[in-house]
Amino acid sequence: MAHGHAPQGPASLPGVANIVAIGSGKGGVGKTTLSVNLAVALAQLGYKVGLLDADIYGPNVPLMMGSTRQPKVLPNNNIEPNLAHGVKVISVGLISPGDKPLVMRGPMLHQIIRQFLQQVEWGELDFLLVDLPPGTGDVVISLVQTVPLTGAVVVSTPSDVSLQDARKALEMFHQVNVEVLGIVENMSHFTCPHCHQEIDIFSKGGAERTAAQFNLPFLGSVELDPEIRRGGDTGMPLALAGPESPRVAHFYSVARQIAERAMAISGKAENIFEIS
Ligand SMILES: Nc1ncnc2c1ncn2[C@@H]1O[C@H](COP(=O)(O)OP(=O)(O)OP(=O)(O)O)[C@@H](O)[C@H]1O
């Protein structure tokens, strides 16, 4: 039998029920902020959660999760992910810390994504969230060539510029046959702490309209909140306030919807086949 040349198709990761990518098209719209807060929210809701920082060129997950120590290499050469706020975390930023930019060619990038999926001891996970880099490129292709994705979430601010790139991200997921679970609007509006009036900074509602145009679920909006930024900069995601806190109700609502949709697609949920 011929060996060594068989094309390797995507293979699911044993023990990992759902893999959900979070993308945006445009950079700086809060994709990583959403990823860390959703990971924490899902963990607080009782799910087993992993977070893979696939933003190879600008890995911000370690800072935002407050976990910067080098992960342990196990005797079998596999990597043990760091545990932060109940979430298993892996990032290039943990392996090559500091401010040096990582210069990489395509094949190396593909290799890193594969390693992060297959050589990290994720164990049993309900959800592995993958924080994608901005743009519509190589990382997604490496990802879909390596593992079957349950679906993707697209984050956008309501500005036309951000939405234009979000549409490209939607098109890209379509091209690689990844189902989009829905769109989230970040930095939707700002509530003035003094007069309590809503200030419409990026033209609220744009992401919801785009979702309707594409016949996709709108998962909700997250407002511009200095506490969210502070949480990111201090490694204490605001979602740690818990499911009962009104200030982070938006994160929990989005997290619950993603969980439901992902489990409905994969059929992997403890109670999905329950007969009542
Ligand atoms: N809803 C929000 N309220 C306040 N600040 C926010 C909010 N969302 C994101 N930010 C802040 O905006 C900045 C950019 O966010 P973030 O790094 O999450 O974006 P990104 O889309 O992942 O960027 P990139 O993909 O280019 O790395 C961060 O400083 C973050 O704390």
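Relevant structure appears above.
Residues numbered from 1 in each chain as written. Predicted model: local features only at pLDDT ≥ 70, side-chain atom pairs only at ≥ 80, totals over all residues. Heavy atoms only, no water.

On to the side chain of Asp55, then. Here Asp55 lies in the loop between strand E2 (49-53) and helix H2 (61-65). We note that Asp55 is buried and unpaired, the nearest opposite charge coming from Lys31 at a distance of 4.0 Å. If we skip the residues at most four places from it in the chain, Asp55 touches Lys31, Asp131, Leu132, Pro133 and Pro134. (Helix = DSSP H or I, 4+ residues; strand = E, 2+ residues; numbered from the N terminus. Buried < 20%, exposed > 50% of the residue type's maximum accessible area, 1.4 Å probe, protein only. Lys, Arg positive; Asp, Glu negative; His and termini not counted. Salt bridge = Lys/Arg side-chain N within 4 Å of Asp/Glu carboxyl O. Contact = heavy atoms within 4.5 Å.)

On to the packing of aromatic side chains, then. Per the counting criterion, the structure on display carries one aromatic pair. Taking the centre distance of 5.1 Å and the plane angle of 85 degrees together, the rings of Tyr47 and Phe127 count as edge-to-face. Of the two residues, Tyr47 is situated in the loop between helix H1 (31-44) and E2 and Phe127 in strand E7 (residues 125-131); the sequence distance between them amounts to 80 residues. Residue classification places Tyr47 among the partly exposed residues on the basis of a relative accessible area of 26%. (Phe/Tyr/Trp six-rings, centres within 6.5 Å; stacked < 30°, edge-to-face > 60°.)

Rolled over the atoms, a probe as big as a water molecule pinpoints where empty space is left. This model, assessed by the stated rule, comprises one cavity of 30 Å³ or more. Taken as a whole, the largest cavity encloses approximately 30 Å³ of empty space. Lining the largest cavity, in full, are Gly23, Ser24, Gly25, Leu132, Pro133, Gly135, Val140, Ala169, Met172 and Phe173. At three residues, helix H6 (residues 160-175) tops the list of elements feeding residues into the lining of the largest cavity. (1 Å grid on protein atoms, 1.4 Å probe; cavity = no way out; pocket = protein on both sides within 12 Å on 5 of 7 lines; lining within 4 Å. Points joined across faces, edges and corners; volume = space filled by probe spheres on them.)

A few words on the site of the ligand. Lining the immediate environment of the ligand, one finds 19 residues, of which Gly28, Lys31, Thr32, Thr33 and Glu223 sit closest. Interatomic distance of 2.9 Å between a backbone N/O atom of Lys31 and an oxygen atom of the ligand. A distance of 2.6 Å separates an oxygen atom of the ligand from a polar side-chain atom of Thr33. Contact with the protein chains covers 82% of the free accessible surface of the ligand, which is 630 Å². Residue assignment for the shell around the ligand shows that the elements contributing at least two residues are H1 and helix H8 (226-233). The residue makeup of the shell around the ligand, split by class, is seven nonpolar, seven polar and five charged. (Near = heavy atom within 4 Å. Polar contact = N/O pair within 3.5 Å; in protein donor to acceptor, adjacent residues only side chain to side chain. Areas by Shrake-Rupley, 256 points an atom, 1.4 Å probe, with all protein chains shown as cover. Nonpolar A, V, L, I, M, F, W, Y, C, P; charged D, E, K, R; others polar.)

What follows deals with the pairing of E7. A large share of E7 lies buried, amounting to seven of its seven residues. Relative to E7, E2 runs parallel, the two being bridged by five bridges. Looking across to E7, one finds that Asp53 is bridged to Asp131. (Pairing = 2+ DSSP bridges.)

Spanning 18 residues, helix H9 (residues 249-266) covers 26 Å between terminal C-alpha atoms, matching the ideal 26 Å at 1.5 Å per step. Gly267 sits one or two positions beyond H9 and adopts a positive phi of about 70 degrees. (Expected span 1.5 Å × (residues − 1).)

Along the polypeptide, Asp165 turns up in helix H6. Despite its burial, Asp165 pairs with no opposite charge; the closest candidate is Lys168, at 4.0 Å N-O. Excluding residues within four positions of it along the chain, Asp165 makes contact with Ser24, Gly25 and Lys26.

Let us now look at the packing of helix H4 (residues 106-118) against helix H5 (residues 138-146). Orientation of H4 relative to H5, taken along the N-to-C sense of each, is 45 degrees, at an axis distance of 9 Å. Relative to H5, H4 is oriented oblique. Here H4 and H5 pass one another in a crossing that is right-handed. The segment H4 lies against H5, with Gly106, Leu109, His110, Ile113, Arg114, Leu117 and Gln118 engaging Asp138, Val139, Ser142, Leu143, Gln145 and Thr146. (Axes fitted to C-alpha atoms, helices over the stretch in contact; angles between N-to-C directions. Parallel < 35°, antiparallel > 145°, perpendicular 65-115°, else oblique. Left-handed = near helix turned anticlockwise from the far one by under 90°.)

Take it as geometry only, folks, not as evidence of what the structure does.
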